[in-house]
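A structural walkthrough
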Amino acid sequence: MSDPEIEDLVGDTSPSFEHVLSCVFGVRDHESRAYLELLEYPGSTVSELADALDRDRSNVNRSLSTLREKGLVERRRRLLDSGGYVYQYTATPVPEAKRRLHDALDEWVADVHDAIDGFDPDDR
């Protein structure tokens, strides 16, 4: 299956938030599920998230890296009493994620409008 893309939303009259998240930000469905899980359990570690999602830790780690690149997840380091540290992940709050989704979608729509306005059959 190919990665969801923003064009996949065209014609979908009632997409789920998870699907919109996947298509607009170009993330996979399991990455969207990781985001939604972090909304419910902020401050989760990779191990905790892997257990909750029933996924391998390395896959969850890659998902979290992607979500961080997209600005949907924040990571902070917590020092352990026994020494060392662990990373904890928290989802970007929904209002901020919605704003980012609207901005990205508005940018795509503007690009489509530019393509329509710039079309000239004589240039073919």
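Cut-offs applied
Residues numbered from 1 in each chain as written. Predicted model: local features only at pLDDT ≥ 70, side-chain atom pairs only at ≥ 80, totals over all residues. Heavy atoms only, no water. Phe/Tyr/Trp six-rings, centres within 6.5 Å; stacked < 30°, edge-to-face > 60°. Buried < 20%, exposed > 50% of the residue type's maximum accessible area, 1.4 Å probe, protein only. Lys NZ or Arg CZ within 6 Å of the ring centre and 35° of its normal. Helix = DSSP H or I, 4+ residues; strand = E, 2+ residues; numbered from the N terminus. Contact = heavy atoms within 4.5 Å. Core = buried A, V, L, I, M, F, W, Y, C linked by side-chain atoms within 4.5 Å.

As annotated in an unreviewed UniProt entry, the protein carries the name MarR family transcriptional regulator and comes from Halorubrum ruber.

Another aspect to go through is the packing of aromatic side chains. Under the defined criterion, the tally for this structure stands at one aromatic pair. Ring geometry for Y85 and Y87: centres 5.4 Å apart, planes at 75°, overall edge-to-face. Classification of Y85 by relative accessible area gives partly exposed; the value is 43%. In this arrangement the basic side chain of R75 is found over the ring face of Y87, its NZ or CZ atom lying 3.8 Å from the centre. When the ring centre of Y85 is taken as reference, the NZ or CZ atom of R77 above it lies at 4.6 Å.

The next subject is the side chain of T92. Here T92 lies in the loop between β2 (85–91) and α5 (94–117). Residues within four places of T92 in sequence aside, it is in contact with Y35, L39, G71, L72, V73 and A97.

Here the focus is the nonpolar core. Counting 21 residues, the largest nonpolar core has Y35, L38, L49, V60, L64 and L72 as its most contacted members. Taken together, the elements giving at least two residues each to this core come down to α1 (17–25), α2 (29–40), α3 (46–53), α4 (57–69), β2 and α5. Not counting chain neighbours up to four residues away, the residues in contact with L38 comprise S44, L49, L64, V73, Y89 and A91.

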